[in-house]
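Below, each chain spelled out in residue letters.
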Amino acid sequence: MPQLGADMAAVCATLHRRGGVDLVTGTGVAGLRGTGGVTGVELSDGRTLPADVVIVGIGAVPNTAWLAGSTLALHDGVLCDDGCVTALPQVVAVGDVARVGGSRAEHWTSATEQPRVAVANLLAGRTLRTARALPYFWSDQYGARIQFAGRRHDGDSVRIAEGELTEGAPAEGGFLALYERDGRTTAVLSVDRPRPFMRVRRELARGESRVQPAAL
């Protein structure tokens, strides 16, 4: 997955393989086969995988069609500064539809944290507070807890700060990986290392709060 980068995504993929799951990557779905029920999934490379049940994850698209033609700036959401304030006076946006400070965070924390900031700025008539939350997600897979926070970019180096990898897979006890650029930590990935992860996450969040508001 792009958030982790190729190397760490490959490490997390080993959790699936150890759990008996075959991952098929580098191809797409051409169609579903079956009459009255699914019997297989046809891939774009010509293969067909037998299947009794198919779960489809298609992602999310912000619902901004009703705003088309308005003077609001739209690009994968409603463009806002770091305080959820749009370029129009007295108009703010929050949640999945808001592209705050250049990024759109589809997470429940955005829906709970951004409104307080947006309302304060709306009442003030200008951006006084910011809501540039640190991206974060977690997932429990095959008995392991995966946690990630920060903003990884292409070119960041990855360093295993705690624990280790064994043949490209998390060793017993998990690991903590730091993404770094120009001597600065940009993101953190943890497998079964919740306490050190939370420590690094707090440090990243403090650094995030010092970022100056982004212009539209």
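Our subject is the structure listed above.
What you see is a predicted model; the values in this text were computed from it and never measured.

Rules behind the numbers
- Residues numbered from 1 in each chain as written.
- Predicted model: local features only at pLDDT ≥ 70, side-chain atom pairs only at ≥ 80, totals over all residues.
- Heavy atoms only, no water.
- Helix = DSSP H or I, 4+ residues; strand = E, 2+ residues; numbered from the N terminus.
- Contact = heavy atoms within 4.5 Å.
- Areas by Shrake-Rupley, 256 points an atom, 1.4 Å probe, with all protein chains shown as cover.
- Lys, Arg positive; Asp, Glu negative; His and termini not counted.
- Charge placed at Lys NZ, Arg CZ, Asp CG, Glu CD.
- Buried < 20%, exposed > 50% of the residue type's maximum accessible area, 1.4 Å probe, protein only.
- Core = buried A, V, L, I, M, F, W, Y, C linked by side-chain atoms within 4.5 Å.
- Pairing = 2+ DSSP bridges.
- Axes fitted to C-alpha atoms, helices over the stretch in contact; angles between N-to-C directions.
- Expected span 1.5 Å × (residues − 1).

Draft legend 1. Main features of the overall build of the protein chain. For the protein chain, the count of helices and strands is 3 helices and 10 strands. Secondary structure elements of the protein chain occur, N-terminal to C-terminal, as α-β-β-β-β-β-α-β-β-β-β-β-α. C-alpha extents for the protein chain along the principal axes are approximately 55 × 50 × 30 Å. Taking as baseline every contact in the protein chain between residues at least 6 positions apart, the subset at least 24 positions apart corresponds to 42%. For the protein chain, the computed accessible surface area is about 13,100 Å², with 53% contributed by carbon and sulfur atoms. Computed over 23 positive and 23 negative side-chain charges, the separation of the two mean positions in the protein chain equals 7 Å.

Draft legend 2. Region of the structure containing unusual backbone geometry. The backbone of Cys-84 sits at a positive phi, close to 70 degrees, despite the residue not being glycine. Assignment of secondary structure puts Cys-84 in the loop between strand E4 (78–80) and strand E5 (98–100). For Tyr-142, which is not a glycine, the phi torsion comes out positive at approximately 55 degrees. Along the chain, the position of Tyr-142 falls in the loop between strand E6 (136–141) and strand E7 (144–150). Since its relative accessible area comes to 45%, Tyr-142 is described here as partly exposed.

Draft legend 3. Highlighting the environment of Thr-27. With respect to the helices and strands, the residue Thr-27 is situated in the loop between helix H1 (5–18) and strand E1 (29–33). Here the alpha-carbon distance between Thr-27 and Pro-89, two residues 62 residues apart in the chain, equals 46 Å.

Draft legend 4. How the structure looks around the side chain of Thr-14. Following the sequence through the fold, Thr-14 ends up in helix H1. You can call Thr-14 buried: its relative accessible area is 14%. Once you skip the residues sitting within four places of it in the chain, Thr-14 turns out to touch Gly-168, Ala-169 and Pro-170.

Draft legend 5. Focus on the nonpolar core. With 15 residues, the main nonpolar core has Leu-4, Met-8, Ile-146, Phe-148, Phe-175, Tyr-179 and Leu-189 as its most contacted residues. Contributing elements (two or more residues each) for this core: H1, E7, strand E9 (169–181) and strand E10 (184–191). The dominant element in this core, judged by the number of residues it contributes, is H1, at 5 residues.

Draft legend 6. Structural view of the sheet that holds strand E3 (residues 48–50). Strand order in the open sheet formed by 3 strands is E1-E2-E3, with antiparallel pairing between adjacent strands. Edge positions in the sheet fall to E1 and E3, since each of these pairs with one other strand and no more. The average angle at which neighbouring strand axes cross in this sheet is 20 degrees, direction not considered. The pairing of strand E2 (residues 40–43) with E3 spans 3 bridges and is classified as antiparallel. Among the inter-strand pairings, Glu-42 is bridged to a residue of E3, identified as Thr-48.

Draft legend 7. Region of interest: helix H2 (residues 108–124). Taking 1.5 Å as the rise per residue, H2 with 17 residues should run 24 Å; its terminal C-alpha atoms sit 25 Å apart, in good agreement. Thr-109, Ser-110, Gln-114, Val-117, Ala-118 and Asn-121 are the residues of H2 that are buried. The secondary structure elements touched by the buried residues of H2 are E5. Positive backbone phi, approximately 80 degrees, marks Gly-125, located one or two places after H2.

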